[in-house]
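As a plain string of letters, each chain reads:
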Amino acid sequence: MHFGLNLILFFPLKFVSREQWMIMKRKREEIRPEGPHNCIPKFCFGFSVPEIDKIMEDRLPTNQISRLKWPQSQSKTLLGIDNAPVADMTGRLPEHILSSIISLISLREATTTSILSKRWRYLWRTSSNLDLDAKNMLGHFLGLSHFKEQHTQWKQKQKGRFVRWVNHILELYVGEKVDSFRVEYPLGSDHGCEVDRWIQFAIDMQVENLSINLLDDHRSDLYHGLYKFPYWLFAQAGKLSKIKHLSLNFCSLSIPANFIHLNSLSSLSLTKTSLNQEDVDNILTSCPSLEWFSINECRCPFHLKLSSGCQFLRLRHLRIFRCNPLEKVEIHDAISIASIEYDAKMFGQVLLKNSAQPVRLCMTLESNRRTLQSDPETQMTYVLGTLAKDFPLVETLLLSTPLVQVDIIPKHLTTFTRLKQLKLLGVRFRKILLDLTSTFLEAAPSLVELEMDLHLPRNEEVRIERQKIVEGADYIEHKKIPLKDYCQHQCLKKVELRGFCGSPIEFDLAVLLLKNAVLLKKMRIVREITPYIGDGECCVMDIFKIKIEREQILKILGPEVPLVLI
């Protein structure tokens, strides 16, 4: 029996107010002239590790944090203001407070405040967060695929337009300090001199968070002719350099050994660049304060060693994702490592030498059978049979699962003795959904929270069954699951099912968890799916045309267990 169980249905998501949801919806549906590139809202997924969550918040600009975080409560009405005009309220605020307010919104939004009053006319020029991208210049996101398809003359014209716009913004800037400086546009190395000047401006303004994303301009060789990041500019700044967070996309970074002018850097993210062992060695020895290291889609050697020589690494979070031909990583002297993210190619090949055991893991399984490591059966055998031995202290596990059609459940399981939070992302194994879910619960007897992002294959038969339920047919008409075949779980208290579209197998899963989790207190059912992007961020997507309403779900699940709707 379940007493005080909360079944929470989110249609739409209830962790945002309706006003916030409508704003997000309008932004996703707005027309973008340059192509079909859609804006998908991002959110902070978090790490469930306080010290890493703090680094993540610190490395994100203030105006992005306010948008990325899931609001925890409904919007509140401020009392005691009556009908006082906005100008009257803001007129009493000091200049630095107004500048802080401006920094919480995008650059394009900040410029629109110049019409409020004379005092606001030039206030946007003091924003401490400068986001220089197509969205802030044009009012809509850049359709990158559309951009690539255009002829060279058109692309050069658009690049020149962007360069002139950035130069104009920087000429007008009158602030005393820039906390965050971000450039995102497919410039490549053709405009390297202009980008150098922009970076020099950011350094002169004592920037702490610097992000340069020059995107892909359809080069035949992805890693050839990349823009060379001017690390030497930090040496010219001397002790004034305050850079803490650096993110580079389509930029090469080759700093010399023992380069002392990046010693304050705490997070570094490199995407789509080329790295060799010497580059990695120089980064780790020159950045003794580095706590966050993310390498994504980079060209790396087959075997990579992370070490800072005779010193201990301060790394807390490490992500290595889709780096070719990399298949083996050695982590030496990382006494503070708490989170590791990697993909299927390196299963069993992430070796810790004189290092702490991480409490959080994120792994991406693949259904590509070109290599043994990419075989779904081999991957699942490792996860349920060996992973708990390799990482015995893991408390949070994020697992992006492959598309499989056969039984891949291993016969022998290894127990995750400390696992408290399990997040199964991109769940696509319909035929073995119940069996594999029950297997994970059996392998994690101490599990408290379970999140499943359902992205099940939907053929014509499934579509017809789901449509019958959505249109009012009774779930009882479909075959019920034999609950006696599944063991009960003694610790599970919270379940969240995302991507719930109302198919029979999804109701089977909900009933299984409701009846077999003895201490279950809360189940959240959400229509949207939340694909994991990496480094603690996910996005929200609603992909279903046929919607099931909350009343229908309550009618079906209500008789199964005593529950309270909040």
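Structure: see above.
The written sequence of each chain sets the order in which its residues are numbered from 1. A pLDDT threshold of at least 70 governs which residues receive local features in this predicted model, and a stricter bar of 80 or more applies before side-chain atom pairs are shown or counted, although totals over entire chains, interfaces and linings include all residues. Hydrogens and waters are ignored; side-chain quantities use all the structure's heavy atoms.

Secondary structure elements are taken from DSSP: a helix is a run of H or I of four residues or more, a strand is a run of E of two residues or more, and numbering for both begins at the N terminus. Across its full length, the protein carries 18 helices and 24 strands. Any two residues whose heavy atoms approach within 4.5 Å at even a single point are treated as in contact. Long-range contacts, defined here as pairs at least 24 residues apart, represent 73% of the contacts in the protein between residues at least 6 apart. Of the roughly 26,100 Å² of accessible surface on the protein, 53% is carried by carbon and sulfur atoms. Areas reported as accessible are Shrake-Rupley estimates using a 1.4 Å probe. Residue values count occlusion only from the protein chains shown.

Turning next to the packing of aromatic side chains. Any pair of Phe, Tyr and Trp rings, taking the six-membered ring for Trp, is counted once the centres come within 6.5 Å. Such a pair is stacked with planes under 30 degrees apart, edge-to-face with planes over 60 apart, and tilted for the rest. Within the structure shown, the criterion is met by 11 aromatic pairs. What links up through ring pairs into an aromatic cluster is the set Phe-162, Trp-165, Tyr-185 and Trp-198. The lysine or arginine in question, Arg-319, covers the ring of Phe-321, its NZ or CZ lying 4.5 Å from the ring centre. Definition used: whenever NZ (Lys) or CZ (Arg) falls within 6 Å of the ring centre and also within 35 degrees of the ring normal, the charge is taken to sit over that ring.

Let us look at the packing of helix H9 (residues 152-172) against helix H10 (residues 192-204). In helix packing, the relevant descriptors are the interaxial angle and the interaxial distance, both defined with respect to the helix axes. Only C-alpha atoms enter the line fits that serve as axes; for helices the fit covers just the stretch in contact. Angles between N-to-C directions range over 0 to 180 degrees. Between H9 and H10, the shortest axis-to-axis distance is 11 Å and the interhelical angle comes to 20 degrees. As the angle between them shows, H9 and H10 are arranged roughly parallel. H10 is crossed by H9, and the crossing has left-handed handedness. Contacts from Phe-162, Val-163, Val-166, Asn-167 and Leu-170 in H9 reach Glu-194, Trp-198 and Phe-201 in H10. Classification convention: Asp, Glu, Lys, Arg as charged; Ala, Val, Leu, Ile, Met, Phe, Trp, Tyr, Cys, Pro as nonpolar; all other residues, Gly among them, as polar. Here the residues of the contact of H9 with H10 are counted per class, giving 6 nonpolar, 1 polar and 1 charged. Any angle between 65 and 115 degrees counts as roughly perpendicular, while under 35 counts as roughly parallel, over 145 as roughly antiparallel, and the rest as oblique. In this scheme the crossing of two helices becomes right-handed for a clockwise turn of the near helix relative to the far one and left-handed for an anticlockwise turn of less than a right angle.

This part covers unusual backbone geometry. Omega for the peptide link from Asn-324 to Pro-325 comes to 0 degrees, which places this bond in the cis form. Position of Pro-325 among the secondary structure elements: in the loop between strand S12 (317-321) and strand S13 (328-332). One non-glycine residue, Phe-250, lies in the positive phi region at around 60 degrees. Here Phe-250 shows up in the loop between strand S7 (245-249) and strand S8 (251-252). Phi angles above zero are rare outside glycine, and Asn-354 is one such case at about 55 degrees. Structurally, Asn-354 can be placed in the loop between strand S15 (350-353) and strand S16 (360-364). Given the relative accessible area of 55%, Asn-354 is considered exposed. With a 1.4 Å probe rolled over the protein chains alone, any residue whose accessible area is under 20% of its type maximum counts as buried; one over 50% counts as exposed, and the rest are partly exposed.

Our focus in this paragraph is the side chain of His-317. Considering the arrangement of structural elements, one finds His-317 in strand S12. His-317 sits in the buried class, given a relative accessible area of 0%. What qualifies as a polar contact is a pair of N or O atoms within 3.5 Å, subject to a donor-acceptor requirement within protein and to the restriction that residues adjacent in sequence count only when both atoms come from side chains. Engagement of the side chain of His-317 in a polar contact is seen with the side chain of Ser-339, the distance being 3.1 Å. In this structure the side chain of His-317 is engaged in a polar contact, spanning 2.8 Å, whose partner is the side chain of Asp-535. In this structure His-317 touches Phe-47, Ile-52, Glu-291, Trp-292, Phe-293, Ile-337, Ser-339, Glu-341, Arg-360 and Asp-535, once residues within four positions along its chain are discounted.

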